[in-house]
Amino acid sequence: MKVYPAETLIRPDLQAHIFSEALLHNVQALRSLCAEGTYFCAVVKANAYGHGLPEIVNILRQAEVDFFAVASIYEAIHIASIVQEIPTLILEPIHPAQPPDQIVAAARNGFHCVVATSEAIDFLSDILAGSGDVLDLHVNVESGMGRCGIDPEQAASLIRRIDRCSNARLAGVYTHFATADEDDLSYAWQQLEQFERFLDQNRIRHREDVLVHAANSAATIKIPQAHFDMVRCGISMYGYYSRRMAHPPISLQPVMRLQAPVVQIKHLPAGHSVSYGRSFVPFRDTIAALIPLGYADGYWRCFSNRARMKVGNAFVPVIGRVCMDQLLLDVTDVPDIAPGQMVTVIDNEHDSPCGVYALADLAGTICYEILTCVHAHINRIVH
Ligand SMILES: *Cc1c(COP(=O)(O)O)cnc(C)c1O
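Criteria and cut-off values
Sequence positions are assigned chain by chain, starting from 1 and proceeding in written order. Since the coordinates come from a predicted model, pLDDT governs what is reported: local features require at least 70, and pairs of side-chain atoms require 80 or more to be given and counted, while whole-chain, interface and lining totals use all residues. By convention in this description, side-chain values take in all heavy atoms of the structure and omit both hydrogens and water. Labels follow the DSSP assignment, with helices taken as runs of H or I lasting at least four residues and strands as runs of E lasting at least two, numbered in each case from the N terminus. When accessible area is computed with a 1.4 Å probe and restricted to protein chains, residues below 20% of their type maximum are described as buried, those above 50% as exposed, and intermediate ones as partly exposed. Only the protein chains shown count as cover for residues, with accessible areas throughout obtained via the Shrake-Rupley method and a probe of 1.4 Å. In this tally Asp and Glu are treated as negative and Lys and Arg as positive; neither His nor the chain ends contributes. The atom standing in for a charge is NZ when the residue is Lys, CZ when it is Arg, CG when it is Asp and CD when it is Glu. Between two residues, a contact is recorded if the distance between any of their heavy atoms is within 4.5 Å. The definition of a nonpolar core used throughout is a set of buried Ala, Val, Leu, Ile, Met, Phe, Trp, Tyr and Cys residues joined through side-chain atoms within 4.5 Å. These domain limits were set by an automatic method or by a database of domain assignments. A fitted line through C-alpha atoms serves as each axis, taken over the contacting stretch for helices, and the angle formed by two N-to-C directions is quoted from 0 to 180°. Angular relationships are summarised with four words: roughly parallel below 35 degrees, roughly antiparallel beyond 145, roughly perpendicular across 65 to 115, and oblique for the angles in between. Two helices cross in a left-handed way if the nearer one is turned anticlockwise from the farther one by less than a right angle. They cross in a right-handed way if the turn is clockwise. The classification used treats Ala, Val, Leu, Ile, Met, Phe, Trp, Tyr, Cys and Pro as nonpolar, Asp, Glu, Lys and Arg as charged, and all other residues, Gly among them, as polar. We call Phe, Tyr and Trp rings a pair once their centres come within 6.5 Å, taking the six-membered ring for Trp, and we label the pair stacked below 30 degrees between planes, edge-to-face above 60, and tilted otherwise. Residues are classed as near a molecule or strand on a simple rule: at least one heavy atom within 4 Å of it. Counting of polar contacts relies on pairs of N or O atoms within 3.5 Å, with two restrictions inside protein: one atom must be capable of donating a hydrogen and the other of accepting it, and residues adjacent in sequence are counted only when both atoms are side-chain atoms. When DSSP locates at least two bridges between a pair of strands, those strands are taken to pair. Note on handedness: a crossover is taken as right-handed if, strands pointing away from the viewer, the path from the first strand over the helix to the second is clockwise.

Peer 1: So what exactly am I meant to see when it comes to the overall build of the protein here?
Peer 2: Of the regular secondary structure elements, the protein holds 11 helices and 17 strands. Principal axes of the C-alpha set define a box for the protein whose edges measure 75 × 45 × 40 Å. Out of the 383 residues in the protein, the part that is buried amounts to 52%. When the accessible surface of the protein is summed, it comes to about 17000 Å², and 50% of that surface belongs to carbon and sulfur atoms. When the 29 basic and 41 acidic side-chain charges of the protein are each reduced to a single mean position, those positions are 4 Å apart.

Structure (structure tokens):
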């Protein structure tokens, strides 16, 4: 077993198994939907959707992805410490309250940055003036997402500003879909139309060195007309459709399986309540297995008395409240269970009762949130 320096706080016994082949398969499958030459941007924000940023970045080198995308400059710097040949797009717009050395670092490392205001351009051109550094900038055009995109007229004037700035270069124009994961794609088509109008009016597609991009995973899978020069895939690279799809055109393989050990076996007499709040009272004499994992590790408290985990080939219920870092399973019906045995907390099968979709349904959320909650202190083991 690897020895972890105490200061990392990694928990060796809580294991997120990361399957390289599944990840590479998913990238390949998504790429197969795109025209030859379309760039593939691997979205690795939020600790690579909970899978572990360094581990995922390392595996993706083999996939020859064209870009990484992250939320913040901190993540981009982390990636640059691992791989230098692949550029990283930082999705959070540059803002004048940022420390100036971040702008310098972004330019020196060749990060691609987003700008949303002319103040941001003043800010970066003041910092880079006279340095000879040229920062690659992307402009996010509002087409209906209603988040951080900017209105078409403002976007057009921002592009003119960038074109006049000697320390910046227009490297990309993009938009983001609000509903590409839904069955009804009519709003997504309207967004696409808006975006194309912007591209035409500003003659963006005549500019060979400007990357046009729009598609997240769902649009990559369902709206080929939205691929443009680059697709930005997150969730489906990790093996999931944004929401379960009845007839997906590609098959995706979940990349992570989370496991934890049994650390104690307890014999509870019938009627003896379990955990905080006494929310579970067994009707029979019960054998319970203590698992050293809880909501502080990313296993939601609302799974109490509702979720199941996989022990051998059996699915057994979580009983009583999920605590901060402990929970109990009812293993009365599982023969020969002993401390040290590993149980599957989050399965890498789409239809598993402890798969990500099932857990997302239980928690009333989407698979993204279940995955990103898997805590960074969990030991990632790459296969
Ligand atoms: C997170 C994000 C993506 C990836 O979305 P998925 O649905 O996970 O594929 C793409 N583009 C932008 C701008 C994002 O913020």
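Peer 1: Where do I start with the environment of I90 in this structure?
Peer 2: Within the secondary structure layout, I90 lies in strand β4 (residues 88–93). Given the relative accessible area of 6%, I90 is considered buried. Each C-alpha atom of the pair I90 and Y74 lies 9.4 Å from the other, and the pair is 16 residues apart in sequence. Those residues within four positions of I90 in sequence are excluded, and the remaining contacts are V70, A71, S72, I73, A76, F111, H112, C113 and V114.

Peer 1: I'm lost on the nonpolar core in this one. Help?
Peer 2: A general tendency of soluble globular proteins is for nonpolar side chains to be buried together. Counting 132 residues, the largest nonpolar core has V44, L60, Y299 and L329 as its most contacted members. Both domains that meet at this core, namely domain 1 (20–238) and domain 2 (256–382), each give it at least three residues. Beyond its immediate chain neighbours, meaning those up to four positions away, V44 contacts L53, I56, L60, F68, A69, V70, E75, I79, M237 and Y238. One finds L268, V274, L290 and I319 within the second-largest nonpolar core, a separate group that totals six residues.

Peer 1: I tried to follow the packing of helix α1 (residues 20–31) against helix α3 (residues 53–60) on my own but got confused; where do I start?
Peer 2: In a pair of packed helices, the angle between the axes and the distance between the axes together describe the arrangement. Contact pair α1 / α3: the axes reach a minimum separation of 10 Å and the direction vectors enclose 60 degrees. What the angle tells us is that α1 and α3 run oblique. Between α1 and α3 the crossing geometry is right-handed. For the pair α1 and α3, the contacting residues are S20, L23, L24 and V27 in the first and I56, I59 and L60 in the second. Of the residues belonging to the contact of α1 with α3, the class tally is six nonpolar, one polar and no charged.

Peer 1: Can you help me understand the packing of aromatic side chains in this one?
Peer 2: The relation between two aromatic rings is expressed through the spacing of the ring centres and the mutual angle of the planes. One pass over the structure, following the stated rule, counts seven aromatic pairs. Between Y240 and Y357, the aromatic rings sit 5.4 Å apart at their centres with planes inclined by 90 degrees, giving edge-to-face as the arrangement. Residue Y240 is found in the loop between β9 (230–233) and β10 (256–261), and its partner Y357 is found in helix α10 (residues 356–363); the two are separated by 117 residues along the sequence. By relative accessible area, Y357 is classed as buried at 5%. Linked through ring pairs, Y49, Y238 and Y368 together constitute an aromatic cluster.

Peer 1: Hey, could you run me through the site of the ligand in this one?
Peer 2: Taken together, 13 residues lie around the ligand, and K45, Y49, S217, R232 and Y368 are the ones closest in. Interatomic distance of 2.5 Å between a side-chain N/O atom of S217 and an oxygen atom of the ligand. Taking G234, its main chain carries an N or O atom lying 2.9 Å from an oxygen atom of the ligand. Protein chains bury 92% of the 390 Å² of accessible surface belonging to the ligand in isolation. The set of elements that each furnish at least two residues to the shell around the ligand consists of α2 (45–49) and β9. Along the lines of polarity and charge, the residues of the shell around the ligand split into six nonpolar, four polar and three charged.

Peer 1: Explain the pairing of strand β7 (residues 168–174) here, please?
Peer 2: Side-chain positions along a regular strand alternate between the two faces of the sheet. Counting buried positions along β7 gives six out of seven residues, so the element sits mostly inside the fold. Where strand β6 (residues 135–140) meets β7, six bridges bridge the pair, whose relative direction is parallel. Across the sheet, residue D136 finds its bridge partner in β7, namely R169. Handedness of the crossover is the feature at issue here: the chain leaves β6, passes through helix α7 (residues 152–164), returns alongside β7, and the resulting connection is right-handed. Relative to strand β8 (residues 211–215), β7 runs parallel, the two being bridged by three bridges. Its bridge partner lying in β8, Y174 is registered against H213.

So yeah, pure geometry; function would need other evidence.
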